[in-house]
Number of protein chains: 2
Amino acid sequence: MDENNSTPTLRDIREAHARIRSLIRRTPVLTSSVLSEMAGAELHFKCETFQKTGAFKARGAANAVLSLSDEEAGRGVATHSSGNHAAALAWAAGRRGITATVVMPRTASRVKIASVERYGGRIVFCEPNHRAREEAAERIVRETGATLVHPYNDSRVIAGQGTVALELMEDVPGLGAIICPVGGGGLLAGTAIVAGSCGRPVRVFAGEPEGAADASLSLASGLRRPVENPSSIADGLLAFVGDKTFPIIQAGVERIATVSDSEILDAVRRLLGILKVAVEPSGAVGYAAVASGRLPVTGLKVGVILSGGNLDLERVLG
Amino acid sequence: MDENNSTPTLRDIREAHARIRSLIRRTPVLTSSVLSEMAGAELHFKCETFQKTGAFKARGAANAVLSLSDEEAGRGVATHSSGNHAAALAWAAGRRGITATVVMPRTASRVKIASVERYGGRIVFCEPNHRAREEAAERIVRETGATLVHPYNDSRVIAGQGTVALELMEDVPGLGAIICPVGGGGLLAGTAIVAGSCGRPVRVFAGEPEGAADASLSLASGLRRPVENPSSIADGLLAFVGDKTFPIIQAGVERIATVSDSEILDAVRRLLGILKVAVEPSGAVGYAAVASGRLPVTGLKVGVILSGGNLDLERVLG
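Residues numbered from 1 in each chain as written. Chains lettered and ligands numbered in written order. Predicted model: local features only at pLDDT ≥ 70, side-chain atom pairs only at ≥ 80, totals over all residues. Heavy atoms only, no water.

Some thoughts on the packing of helix α3 (residues 57-67) of chain B against helix α5 (residues 84-96) of chain B
All names here are of chain B.
So, step 1. Closest axis-to-axis distance for the α3/α5 pair is 8 Å, and the angle between their directions is 45 degrees. One finds that α3 runs oblique with respect to α5. The way α3 lies across α5 gives a crossing that is right-handed. Here α3 contributes K57, A58, A61, A62, V65 and L66 to the contact with α5, which in turn contributes N84, H85, A88, L89, W91, A92, A93 and R96.
So, step 2. Taken together, the residues that form the contact of α3 with α5 break down as 10 nonpolar, two polar and two charged. (Axes fitted to C-alpha atoms, helices over the stretch in contact; angles between N-to-C directions. Helix = DSSP H or I, 4+ residues; strand = E, 2+ residues; numbered from the N terminus. Parallel < 35°, antiparallel > 145°, perpendicular 65-115°, else oblique. Left-handed = near helix turned anticlockwise from the far one by under 90°. Contact = heavy atoms within 4.5 Å. Nonpolar A, V, L, I, M, F, W, Y, C, P; charged D, E, K, R; others polar.)

Right, dumping it as structure tokens:
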């Protein structure tokens, strides 16, 4: 892959895996007879909850940072996302010994700020609106020459996220379907590329919050359509599916099921109580979609990606 | 091992592993840079939380059940423990297609009863005192010819529990110490045998609740000493260290640190919030001992056994 704009292939994802494997964790795949019985399918949970920085975002960020030339790297990286991607980019930059600048709204939560600071990220605050964030990020890029690493609409990031499915399919031979959450679509696009290139039919599905159902609406209508004021307890999935990720999703994803916040919370509680894993609401949305019965997976061997574990316990259990 | 009463050896534990490995899960070993930094040691968490039935007890129960001759097996197994061992024995018996009878006090919690029932165990209720339970179990053995499988004071059970450390040492070469919780001592004895037979120095430590500190008192005084009315939030660790497990512990365990209920709860919350794993209070006591700073593990590569995940979330977080 020569360009940051081309559509990644299985080969790019394999190269990404070779590039990042010494930095990331090969996360375990867990099973639960109880959860499989409840779903009427053989579920294999790929636990990115245990990934470095607590989410799969470490993979895409690491691939982007390690793909830079030394000269590019010397000028640093930047982003205007404030969630798991920001922490992941700060972490990846720290591992390469370069600077990551994260633009965050002045209103960002202490937890998000602390998470970026913990990994040594440099934070630039701005007004709490999308335009202010983009402008601040552009100014940083202009002034420092930093490379902007978008949280999902970036081929290197998509290739990195695809390594989740690569490991899952290596570790669990014979999967009939893979399911993951969708927000901006980086993880889902990477998953679709891997599943579509493996030489045998592996169906790809996704779960999306009802309150931020732009990807499912877009997939159904064939046109990328935002929703106004997206809102969900799955706060990592509010992004609008990207113009780079959407065509890959259209080509390779069979169905996206929407789930309510209450279904997402049930899924989080069940994963905690039965699988014994702390999964954040956004990370549990793929499983919530399976549990909803809205996906045709009965009797299949199914890979379910639990994409992150940065759970606010009191919010979920309180 | 010909007899149920002899002290198990590393060879017995290897044989137990070969016997049970198709029934049990090879549980993953997780790490967290944050928890390692906090402890000043490189921690490797062996997560028996993800074991069949939710605890390491599945290993000892499976080894005991699979060690029976067909004739013995035909008469079933019995126990008068009502915790994780009871569920594990019911599960193991179910896998062999034989009957497990579990004597439980009439006052046992719905959760414990449901857990045994889920695995097809036959429950016999008795008055809520130790003597009534032992008598009921003896009567069942007399009447049915069932084999009594003690939760820890049994060589086959100890050998089964030793397979946790066997896998841990295979998966993490170069450990300098292993730590686990101690109640009746089956897991700790099995761990001490493995660590003591591997041909290089691996120190063995344990954690024990302050309110049930019989094992640490016994180890310090050289004599097996019960405590009256043991009590702790770690309700799986209230048992009195066994006369079969204690000599093995004396021979191979360097120190047992006691921890308060508040330290145990802190450990549970930290494992949930940082490692992202639901660990029950009893299962977190080894980690609580490490976190207390009362064990000499600074700078070591340490295996920490998280022994079970059957967590009552509301009790811990409420």
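Description of the sheet that holds strand β3 (residues 77-79) of chain A
Residue and element names in this part refer to chain A.
So, step 1. A sheet is described by the order of its strands in space; here four strands give the open sequence β5-β4-β3-β6, paired in parallel fashion. Whereas interior strands pair on both sides, the edge strands pair on one side only; in this sheet they are β5 (122-126) and β6 (147-148).
So, step 2. Packing of helix α7 (residues 130-144) onto the sheet brings it into contact with β3, β4 (100-105), β5 and β6, and relative to β4 it is tilted by some 160 degrees. (Pairing = 2+ DSSP bridges.)

Comments concerning helix α11 (residues 245-252) of chain A
Residues and elements named next belong to chain A.
So, step 1. Residues T245, F246, I248 and I249 constitute the buried set of α11. For α11, the angular spread of buried residues about the axis comes to 160 degrees, placing them on one side.
So, step 2. On its buried face, α11 is in contact with α8 (155-171), α9 (186-196), α10 (214-221) and β9 (255-259). (Buried < 20%, exposed > 50% of the residue type's maximum accessible area, 1.4 Å probe, protein only. Arc of directions from axis to C-beta.)

Observations concerning the interface of chain A and chain B
So, step 1. Between chain A and chain B, the residue contacts involve 20 residues of the former and 21 residues of the latter.
So, step 2. Between chain A and chain B lies a buried interface of about 1500 Å² when both sides are counted; carbon and sulfur atoms form 61% of it.
So, step 3. Counting the contacts that link chain A with chain B gives zero salt bridges.
So, step 4. Linking chain A to chain B there are 10 residue pairs in polar contact (both at pLDDT 80 or more).
So, step 5. Of all elements in the fold, only α2 (33-39), α12 (261-275) and α14 (313-317) of chain A reach the threshold of two or more residues within the side of chain A that touches chain B.
So, step 6. Class assignment of the residues belonging to the side of chain A that touches chain B gives a composition of 10 nonpolar, six polar and four charged. (Buried area = accessible area lost by both parts, 1.4 Å probe. Salt bridge = Lys/Arg side-chain N within 4 Å of Asp/Glu carboxyl O. Polar contact = N/O pair within 3.5 Å; in protein donor to acceptor, adjacent residues only side chain to side chain.)

Section: the pattern of salt bridges
So, step 1. Scanning all chains against the criterion turns up 32 salt bridges over all chains.
So, step 2. E117 of chain B is the partner of R110 of chain B in a salt bridge, and the nearest nitrogen-oxygen pair spans 3.8 Å.
So, step 3. Judged by its relative accessible area of 57%, R110 of chain B falls in the exposed class.
So, step 4. Looking at E117 of chain B, the relative accessible area reads 44%, which means it is partly exposed.
So, step 5. Across the salt bridge formed by E143 of chain B and R139 of chain B, the nearest N and O atoms sit 3.9 Å from each other. Here the residue E143 of chain B and the residue R139 of chain B both occupy positions in helix α7 (residues 130-144), the gap between them amounting to four residues, near one helical turn.
So, step 6. Of the residues examined, E143 of chain B reaches a relative accessible area of 61% and is grouped as exposed.
So, step 7. Via salt bridges that share partners, K46, E48, R59 and E167 of chain A belong to a single interconnected network.

With respect to the relation of the copies chain A and chain B
So, step 1. Screw-axis analysis of chain A against chain B gives a translation of 0.0 Å along the axis, an RMSD of 0.0 Å, and a rotation angle of 180 degrees. Between the two chains, the operation in question is that of a two-fold axis. Looking at the rotation axis and the C-alpha trace of chain A, the residue lying nearest is V277 of chain A, at 2.4 Å.
So, step 2. Comparing interface residues between copies, 100% of those in chain A also sit at the interface in chain B, which points to an isologous, same-surface contact. (Least-squares fit on C-alpha atoms with pLDDT ≥ 70 in both.)

Things to note about the packing of aromatic side chains
Residues and elements named next belong to chain A.
So, step 1. Per the counting criterion, the structure on display carries three aromatic pairs over all chains.
So, step 2. Relative to Y287, the ring of F45 has its centre 5.6 Å away and its plane inclined at 70 degrees; by these criteria the two rings are edge-to-face. With F45 in strand β2 (residues 42-47) and Y287 in helix α13 (residues 285-291), the pair connects residues that are 242 residues apart, well separated along the chain.
So, step 3. On the basis of relative accessibility, which here comes to 0%, the residue F45 falls in the buried class.
So, step 4. Overall, the relative accessible area of 1% leaves Y287 in the buried class. (Phe/Tyr/Trp six-rings, centres within 6.5 Å; stacked < 30°, edge-to-face > 60°.)

Comments concerning the confidence of the model for chain A
So, step 1. In this model, chain A carries an average pLDDT of 95, and 97% of its residues clear a pLDDT of 70 or more.
So, step 2. Model confidence for the complex: the whole-complex pTM is 0.94, and ipTM, which rates the interface, is 0.92. (pLDDT = per-residue confidence, 0-100.)

What to know about the environment of M38 of chain A
Residue and element names in this part refer to chain A.
So, step 1. Relative to the helices and strands, M38 is located in helix α2.
So, step 2. Overall, the relative accessible area of 48% leaves M38 in the partly exposed class.
So, step 3. Non-local contacts of M38, meaning those with residues more than four positions away in its chain, are made with R270 and I274.

What to know about the domain arrangement of chain A
All names here are of chain A.
So, step 1. For chain A, the domain assignment lists domain 1 (10-56 + 154-317) and domain 2 (58-148).
So, step 2. Just the C-alpha atoms count here: the centres of domain 1 and domain 2 sit 24 Å apart.
So, step 3. Counting residues at the interface gives 26 residues for domain 1, matched by 18 residues for domain 2.
So, step 4. With both chains or domains summed, domain 1 and domain 2 bury close to 1700 Å², and 57% of this area falls on carbon and sulfur atoms.
So, step 5. On the domain 1 side of the interface with domain 2, the three residues burying the most area are L23, T53 and R156, jointly 43% of the side's total.
So, step 6. Applying the counting criterion to the domain 1 and domain 2 interface returns two salt bridges.
So, step 7. Among the salt bridges present, the one from E48 reaches R59, with a minimum N-O distance of 2.6 Å. (Domains from an automatic or database assignment.)

A few points about the side chain of T147 of chain B
So, step 1. Structurally, T147 of chain B can be placed in strand β6 (residues 147-148).
So, step 2. What T147 of chain B contacts, discounting residues up to four positions off in sequence, is L68, E72, G76, V77, A78 and R156 of chain B.

Observations regarding unusual backbone geometry
So, step 1. One non-glycine residue, N229 of chain A, adopts positive backbone phi at about 45 degrees.
So, step 2. Among the structural elements, N229 of chain A can be located in the loop between α10 and α11.
So, step 3. With a phi close to 65 degrees, T53 of chain B is a non-glycine residue in the positive phi region.
So, step 4. Tracing the sequence through the fold places T53 of chain B in the loop between β2 (42-47) and α3.

Focus: the side chain of K46 of chain A
Residues and elements named next belong to chain A.
So, step 1. Along the chain, K46 turns up in strand β2.
So, step 2. Side-chain polar atoms of K46 contact the backbone oxygen of T27, separated by 3.0 Å.
So, step 3. When sequence neighbours within four positions are dropped, the list of residues in contact with K46 reads T27, P28, V29, R59, V164, E167, L168, V304, I305 and L306.

Some thoughts on the sheet that holds β9 of chain A
Residue and element names in this part refer to chain A.
So, step 1. With respect to topology, six strands assemble into an open sheet ordered β1-β2-β10-β7-β8-β9, the strand pairing being mixed. Among the strands making up the open sheet, the edge pair consists of β1 (29-30) and β9.
So, step 2. As defined by bridge partners, β2 adjoins strand β10 (residues 301-306) across six bridges and the pair is classed as parallel. In the sheet register, F45 faces β10, and the bridge partner there is V304.

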